[in-house]
Amino acid sequence: MEEPTVKEPSTLGFVLADYAVFASMLLVSMAIGLFQALKKSQREATADDFFTGGRSLPAVPVGLSLCASFMSAVQVLGVPAEASRYGFKLLYMCLGQSINSLLTAYLFLPVFFRLGITSANQYLKLRFGRGMQLLGSVQFLVATLLYTGVVIYAPALILNQAIGLNMWVSLFSTGIICTLYTTLGGMKAVIWTDVFQIIVMFSGFVAILIRGTVLVGGPALVLEIAKNGSRINFNDFDVDPRKRYTFWSLSVGGALVWLSMYGVNQAQVQRYISCRTEKAAQWALFVNQVGLCLIVGSAVTCGIVMYAYYINCDPLKSGKISAPDLYMPFFVLDIFRSHPGFPGLFLACAYSGTLSTASTSINAMAAVTMEDLLRPHLVGFTQKKLVLISKGLSLLCGAGCITVAALASFLDWGVLQGSFTVIGVVSGPLLGIFILGMFIPAANRFGALSGILAGFCVSLWLAVGSTLYPPSGQTMGVLPSYSGACRTFTPCPTSTSVQWQLVLL
């Protein structure tokens with residue numbers, strides 16, 4: 001096994017080839033969006049075409065798009081780090097996702113598809129009235145705006161800390177590019193750029209996996225080190241709710257979390273109803289599931305390889321990095337120090353996740369604003385005017401996400417993490433309302449309103465309690481790591497507050 005340190009000083013950073021690879025990914029994404037915008041149609045475009053691709057898209061690209069939007073840069077950077085600290089049991093995520101895909105395909109998808117609606121919240125209007133539709137719409141818009149802003153900002157901050165990548169350049173370049181191609185090309189641009197971006201993401205993980213495994217000494221040695229370090233831990237059936245990852249939290253709890261994302265979330269519903277037929281939409285969900293298993297499996301395995309590579313010198317424990325989110329950038333720059341271009345592929349991999357998630361969210365927010373809030377007041381407007389309004393809404397939503405990302409830079413990171421808590425607090429009760437409406441015929445408007453208020457209170461109580469009294473790392477199940485063989489490390493603070501230069505000696 002090759003040692004994770006070298007004798008000569010070596011500053012970890014990007015070179016021109018890395019930036020060229022990253023720029024190429026952005027340019028190709030923009031080109032795909034422009035192609036879809038300029039592509040001639042045999043009939044006049046409508047607002048419904050803009051948001052659903054004319055309901056004529058094939059299953060495979062839609063499925064890959066569903067998969068791409070799940071893996072934001074937060075997951076690209078976070079899943080390997082979590083696997084390194086908690087072990088192979090994170091693969092149980094795939095089981096939870098599989099349960100979710102089956103439930104969505106056979107219980108939720110048929111309802112939305114057969115109604116022929118564009119916004120998931122239109123179902124709430126049909127079932128419980130206009131008030132519940134507005135509540136669902138406002139919740140979705142606020143939560144998605146917060147989430148997308150953080151998704152754009154978080155990787156820019158992390159990579160700024162890890163490698164000195166200019167935060168504002170990366171934030172605005174990715175935000176503006178995905179806003180432009182989403183505004184110009186609509187749903188078709190989102191779908192086909194996602195297809196390209198999921199290929200980039202998978203390629204990045206495979207490159208890291210192969211290189212890291214070779215440096216450790218082969219797959220057998222990786223598995224041996226992982227076993228000795230308790231990282232092969234599929235037998236964790238602990239029912240303690242304070243434990244972060246167990247079979248139950250990842251399979252049962254995970255299935256419910258992803259059901260709120262895939263079963264009733266506008267960003268996902270809007271894409272699978274864009275398929276030609278209900279059967280094609282179901283196949284799209286199954287394609288998505290295969291893609292998720294490949295991507296999540298690759299990310300988790302990268303985390304295990306990273307643990308094996310740093311078995312005697314954990315970068316976090318030794319002070320070489322300041323947070324778990326920096327594991328992956330540090331690892332990539334370390335193993336590819338003599339291979340220019342590959343760190344750029346990882347950067348493209350991370351930002352492909354950002355672009356796919358942001359573009360999907362922008363398109364979905366525009367659709368909800370148009371269909372749920374504005375459409376009742378636009379009676380008599382021509383389709384040409386409706387399309388222009390739809391594109392204007394996409395542009396405004398994109399600008400809003402970029403603004404939130406920029407404002408996030410002035411907030412404490414704990415505040416940003418709080419935004420994810422807000423999303424969790426509001427998403428669960430809304431899933432409950434959809435389940436109530438679809439599967440309990442006796443449910444009425446008063447019961448739905450009472451249920452969602454009770455759900456909000458319980459979710460808020462749990463969120464506040466877990467924030468005020470967080471469990472310790474030992475209680476959560478963080479596995480031991482070692483730093484006994486590390487050499488000295490010199491942190492070099494710069495004038496930009498949190499930026500650090502990583503130096504291996």
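Residues numbered from 1 in each chain as written. Predicted model: local features only at pLDDT ≥ 70, side-chain atom pairs only at ≥ 80, totals over all residues. Heavy atoms only, no water.

Trainee: Would you mind going over the overall build of the protein with me for this structure?
Mentor: The number of helices and strands found in the protein is 19 helices and two strands. Relative to its full complement of 505 residues, the protein shows a buried share of 55%. Surface accessibility of the protein: about 20,900 Å² in total, with carbon and sulfur atoms responsible for 69%. Between the mean site of the 30 positive side-chain charges and the mean site of the 20 negative ones, the protein shows a separation of 9 Å. (Helix = DSSP H or I, 4+ residues; strand = E, 2+ residues; numbered from the N terminus. Buried < 20%, exposed > 50% of the residue type's maximum accessible area, 1.4 Å probe, protein only. Areas by Shrake-Rupley, 256 points an atom, 1.4 Å probe, with all protein chains shown as cover. Lys, Arg positive; Asp, Glu negative; His and termini not counted. Charge placed at Lys NZ, Arg CZ, Asp CG, Glu CD.)

Trainee: Just checking my understanding: could you explain the nonpolar core for this structure?
Mentor: The tendency in soluble globular proteins is for nonpolar side chains to be buried as a group. Of all hydrophobic cores here, the largest spans 140 residues; its most connected members are Phe-112, Phe-205, Ile-208, Met-328 and Phe-331. Tallying contributions element by element places helix H8 (residues 167–216) first for this core, with 17 residues. Ignoring anything within four residues of it in the chain, the contact list for Ile-208 reads Cys-302, Met-328, Phe-331, Val-332, Ile-335, Phe-336 and Phe-346. (Core = buried A, V, L, I, M, F, W, Y, C linked by side-chain atoms within 4.5 Å. Contact = heavy atoms within 4.5 Å.)

Trainee: Just to check I follow, could you spell out the environment of Val-76 for this structure?
Mentor: Looking at where Val-76 falls in the secondary structure, it is placed in helix H4 (residues 73–86). Counting along the chain gives 129 residues from Val-76 to Phe-205, while the straight-line C-alpha distance between them is 8.9 Å.

Trainee: Could you clarify how one ought to interpret the pattern of salt bridges in this entry?
Mentor: Pairs can form between side chains of opposite charge whenever their charged atoms are close. Counted by the stated rule, this structure contains eleven salt bridges. Its salt-bridge partner being Glu-82, residue Arg-244 comes within 3.4 Å of it at the nearest N-O pair. Placement of Arg-244 in the loop between helix H9 (219–228) and helix H10 (247–262) and of Glu-82 in helix H4 is noted, with a sequence separation of 162 residues between them. Arg-244 gets classed as partly exposed once you look at its relative accessible area, which sits at 38%. The class for Glu-82 is buried, based on a relative accessible area of 12%. Two residues, Arg-271 and Asp-194, come together in a salt bridge whose shortest N-O distance is 3.6 Å. Linking Arg-271 in helix H11 (residues 266–272) with Asp-194 in helix H8, this pair joins segments that are 77 residues apart in sequence. Judged by relative accessible area, which is 1%, Arg-271 ranks as buried. (Salt bridge = Lys/Arg side-chain N within 4 Å of Asp/Glu carboxyl O.)

Trainee: What should I look at first to understand unusual backbone geometry in this one?
Mentor: When glycine is set aside, most residues are seen to have a negative phi, and most peptide bonds are trans. Of note in the backbone geometry, Arg-55 takes a positive phi value of approximately 50° without being a glycine. Tracing the backbone shows Arg-55 in the loop between helix H2 (47–52) and helix H3 (59–70). Even without being a glycine, Ser-230 presents a positive backbone phi close to 65°. Looking at the element boundaries, Ser-230 is found in the loop between H9 and H10.

Trainee: Would you mind showing me how to read helix H14 (residues 327–335) here?
Mentor: Since the α-helix turns once every 3.6 residues, residues separated by three or four places project in the same direction. Of all nine residues that make up H14, nine are buried, and the element is covered over most of its length. Three or more residues of H14 are buried, namely Tyr-327, Met-328, Pro-329, Phe-330, Phe-331, Val-332, Leu-333, Asp-334 and Ile-335.

Trainee: Would you mind going over the packing of H8 against helix H12 (residues 278–309) with me for this structure?
Mentor: Think of two packed helices as two axes; the pair is described by the angle between the axes and how far apart they sit. Contact geometry of H8 with H12 gives a least axis separation of 9 Å together with a crossing angle of 30°. With respect to each other, H8 and H12 are oriented roughly parallel. Read as a crossing pair, H8 and H12 show a hand that is left-handed. Between H8 and H12, the contacting residues are Ile-198, Met-201, Phe-202, Phe-205, Ile-208, Leu-209, Gly-212, Thr-213, Leu-215 and Val-216 on the first element and Leu-294, Ile-295, Ser-298, Ala-299, Thr-301, Cys-302, Val-305, Ala-308 and Tyr-309 on the second. Looking at the contact of H8 with H12, its residues break down into 15 nonpolar, four polar and no charged. (Axes fitted to C-alpha atoms, helices over the stretch in contact; angles between N-to-C directions. Parallel < 35°, antiparallel > 145°, perpendicular 65-115°, else oblique. Left-handed = near helix turned anticlockwise from the far one by under 90°. Nonpolar A, V, L, I, M, F, W, Y, C, P; charged D, E, K, R; others polar.)

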